Amino acid sequence: MGAITLDTDQASAVADGTDARAHTANRIADITSICERAARGDLEARITGMYGDPAWEPLALAINRMLDIADSFVREAAAAMEHCSHDEFHRPILLRGLKGAYRQSAAVINHAGLKMKESSDQIRYIAHLATETASNVTTVAAACEELTGSTSEISTQAEGSAKLTQEAVSVARKATEAVGELNTAAKKVDKIVTLITTIAEAVGRINDGADAISHSASQQVQATSEITRSINEVSQNTSLISKRIGSVGGPGKGGV
Amino acid sequence: MESAHGPTSRAAHRREVHFADDEIIVSKTNLKGIITYANDVFLRVAGYTEDEILGEPHNVIRHPDVPRCVFKLLWDTLKSGNEIFAYVLNQARNGDHYWVFAHVTPSFDLDGKPTGYHSNRRVPHADALAAVKALYAQLRQEEQRHAEPAKALDAGMQMVLGLLDKNSITYDEFVFSLSKHTQLASV
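Residues numbered from 1 in each chain as written. Chains lettered and ligands numbered in written order. Predicted model: local features only at pLDDT ≥ 70, side-chain atom pairs only at ≥ 80, totals over all residues.

Next up on the list: the overall build of chain B. Per the secondary structure count, chain B includes six helices and five strands. Counting helices and strands in the order they occur from the N terminus, chain B gives β-β-α-α-α-β-β-β-α-α-α. Considering only contacts within chain B whose residues lie at least 6 apart along the sequence, 54% involve residues at least 24 apart. (Helix = DSSP H or I, 4+ residues; strand = E, 2+ residues; numbered from the N terminus. Contact = placed C-beta atoms within 7 Å.)

What follows is the structure, encoded as structure tokens:
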């Protein structure tokens, strides 16, 4: 227990008037002890048992009031700062009941607490922005990743398209070559048809020559010569046709 | 104003007594709640002599109108080693009453060992008191619905916790929010 209560022996001694000096010395010793405890930081001690003693009551009250206000301030300041250290700013030091330097110091501490609150609010705001930014960066990164995937897909598809184009070009080239070959073959066939027509005309003329033999003996030699020339011509054309036919080939060889 | 230190009238009148804004009612108890010190303001307002009050349990000044859950909250908080603020209606020896804004803290010796409790009581601000009176009336009504004390206490506590939960604040935040004079931006 912190309070020091004067014992009844001391009171009796005073009443008897036998040991007033000892009584005074004891009270002074008790008060000194309490003040020394307070000086060591023990603010629990109080003086009790002096009410009604006009010589000591004012002193006891004064010391107790001094200790009460110091005790109160220490508890208040410590608790308020502890709350601030936990980012809790709802608990100021209450000014009511504090006087003089205690009140002024409490106001200074409360002002510091308010500044700490403002700083804390700013830090929370910055942290919020940082979190938001991080979230946005993550979103952008995800979008970039998605874009990269899309680009890769497009590249793959473009590559496939290029192959298809190359194949189409190759097919078109082959088709062109086939058409060219068909064209060449058609021209050769046309020439063959012309030669066949020429042969037919020559055969016609042979027939005409044979008819002329029967009509004119004089014309026999000439006719024979004509026949021989025609036969030679037919022979030559036939040979040429054979060669042309052999060289036509047709689209089947290098066809599409 | 009543006598500074001596016993006050024990007449059965019921009136509200006051103390000055710059005064603090101070008392100390041991761990069992037995009063070991009461300052001169305490003695004057509560109407006890030092001889009468030392050694008495602190609930000697408890007023029956204060919901029981308030004291449960107070003692639970103290026993957990924390301070607590509470608006409390106290009863003087003669039946008079006085409102206080109590700040109760555990006391420790120089080795950090708990030795008791310390109470500073200030004059409450009027803006808070109006809200507190209304709240306490509701809590009393809730507690009085239950005949069994334990159930009454639990019902009161549930109402307090529900109020705090509804407003998403702690008890500390709540009690300091009741007056603009107890908020950091205003003091």
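With 20 residues, helix H2 (residues 20-39) of chain A should reach 28 Å at 1.5 Å per residue; the first-to-last C-alpha distance of 28 Å fits that figure. Immediately beyond the C-terminal end of H2 of chain A, within one or two residues, lies Gly41 of chain A, with a positive phi of roughly 100°. (Expected span 1.5 Å × (residues − 1).)

For the rest of this paragraph, the subject is the interface of chain A and chain B. With 29 residues of chain A at the contact, the number on the chain B side is 30 residues. Going through the elements one at a time, strand S2 (46-48), helix H3 (57-85) and helix H4 (100-215) of chain A are the ones with two or more residues in the side of chain A that touches chain B. Top contributing element to the side of chain A that touches chain B by residue count: H3 of chain A, with seven residues. Grouping the amino acids of the side of chain A that touches chain B by side-chain chemistry returns ten nonpolar, nine polar and ten charged. (Nonpolar A, V, L, I, M, F, W, Y, C, P; charged D, E, K, R; others polar.)

Let us now look at the sheet that holds strand S3 (residues 84-91) of chain B. Residue and element names in this part refer to chain B. With antiparallel pairing, five strands are arranged side by side in an open sheet as S2-S1-S5-S4-S3. Each edge of the sheet is formed by a strand with only one pairing partner; in this case those strands are strand S2 (35-38) and S3. Neighbour-to-neighbour, the strand axes of the sheet open up by a mean angle of 30°, direction not taken into account. Taken together, the six bridges between strand S1 (residues 25-30) and strand S5 (residues 114-122) define a ladder with antiparallel strand orientation. Bridge pairing in S5 links Thr29 to Tyr117. (Pairing = 2+ DSSP bridges. Axes fitted to C-alpha atoms, helices over the stretch in contact; angles between N-to-C directions.)

This part takes up the packing of H2 of chain A against H3 of chain A. Residue and element names in this part refer to chain A. Taken N-terminus to C-terminus, the directions of H2 and H3 make an angle of 10°; their axes are 12 Å apart at the nearest point. With respect to H3, the axis of H2 lies roughly parallel. Along its contact with H2, which presents Ile31, Ile34, Cys35 and Ala38, the element H3 presents Leu59, Ile63 and Leu67. Residue composition of the contact of H2 with H3, grouped by class: seven nonpolar, no polar and no charged. (Parallel < 35°, antiparallel > 145°, perpendicular 65-115°, else oblique.)

Time to look at the pairing of S1 of chain B. Residues and elements named next belong to chain B. Counting buried positions along S1 yields five of six residues, so the element is predominantly enclosed. Note that S1 and S2 share three bridges and pair antiparallel. Across the sheet, Ser27 pairs through a bridge with Ala38, a residue of S2. What sits between the antiparallel neighbours S1 and S2 is a turn of four residues, in which Gly33 has the positive phi angle 85°. (Buried ≥ 20, exposed ≤ 12 C-beta atoms within 10 Å, placed from the backbone.)

Among the structural elements, Glu57 of chain A can be located in helix H3. With 16 C-beta atoms counted inside 10 Å, the residue Glu57 of chain A sits in the partly exposed group.

Turning our eyes to something else, we now look at the nonpolar core. Residue and element names in this part refer to chain B. If you look at the biggest cluster of nonpolar residues, it comprises 37 residues, and the most contacted ones within it are Ile25, Phe42, Val45, Ala46 and Val100. Among the elements of the structure, S1, S2, helix H1 (40-46), helix H3 (68-79), S3, strand S4 (97-108), helix H4 (126-144) and helix H6 (171-177) are those that each provide at least two residues to this core. Sort the elements by how many residues they give to this core and S4 lands first, with six residues. When residues no more than four places from it in sequence are discounted, the contact partners of Ala46 are Ile61, Asn90, Ala92 and Arg93. (Core = buried A, V, L, I, M, F, W, Y, C linked by C-beta atoms within 7 Å.)

Moving on to unusual backbone geometry. Look at Asp87 of chain A: it is not a glycine, yet its phi comes out positive at around 60°. Residue placement: Asp87 of chain A occurs in the loop between H3 and H4. You will see that Ser168 of chain B, though not glycine, has its phi angle at about 55°, which is positive. Mapped onto the fold, Ser168 of chain B is located in the loop between helix H5 (149-167) and H6.

Attention now goes to the confidence of the model for chain B. Residue and element names in this part refer to chain B. A residue-level look at chain B finds 93% of positions with pLDDT of 70 or above and a mean pLDDT of 92. Contacts of residues 1-12 to residues separated by more than four positions or lying in other chains number 25 contacts, the stretch itself having pLDDT below 50. For this predicted complex, the interface score ipTM comes out at 0.88, alongside a pTM of 0.67. (pLDDT = per-residue confidence, 0-100.)

On to the confidence of the model for chain A. Considering every residue of chain A, the mean pLDDT works out to 82; 83% of them sit at 70 or more. Segment residues 250-256 of chain A: pLDDT under 50, and twelve contacts once partners within four positions in sequence are set aside and those in other chains are kept.

As a further point, take H3 of chain A. In a regular helix each residue adds 1.5 Å, so 29 residues correspond to 42 Å; H3 of chain A covers 42 Å between its end C-alpha atoms and thus fits that length. Taken together, the buried positions of H3 of chain A are Ala60, Asn64, Leu67, Asp68, Ile69, Asp71, Ser72, Phe73, Arg75, Glu76, Ala80 and Cys84 of chain A.

With that settled, the discussion passes to the packing of H4 of chain B against H5 of chain B. Residue and element names in this part refer to chain B. Interaxial distance between H4 and H5 falls to 8 Å at its minimum, and their mutual angle equals 140°. Regarding H4 and H5, the two cross each other, and that crossing is right-handed. Across the interface between the two elements, Leu139, Glu142 and Glu143 of H4 pack against Ala152, Leu153, Ala155, Gly156, Met159 and Val160 of H5. Split into classes, the residues belonging to the contact of H4 with H5 amount to six nonpolar, one polar and two charged. (Left-handed = near helix turned anticlockwise from the far one by under 90°.)

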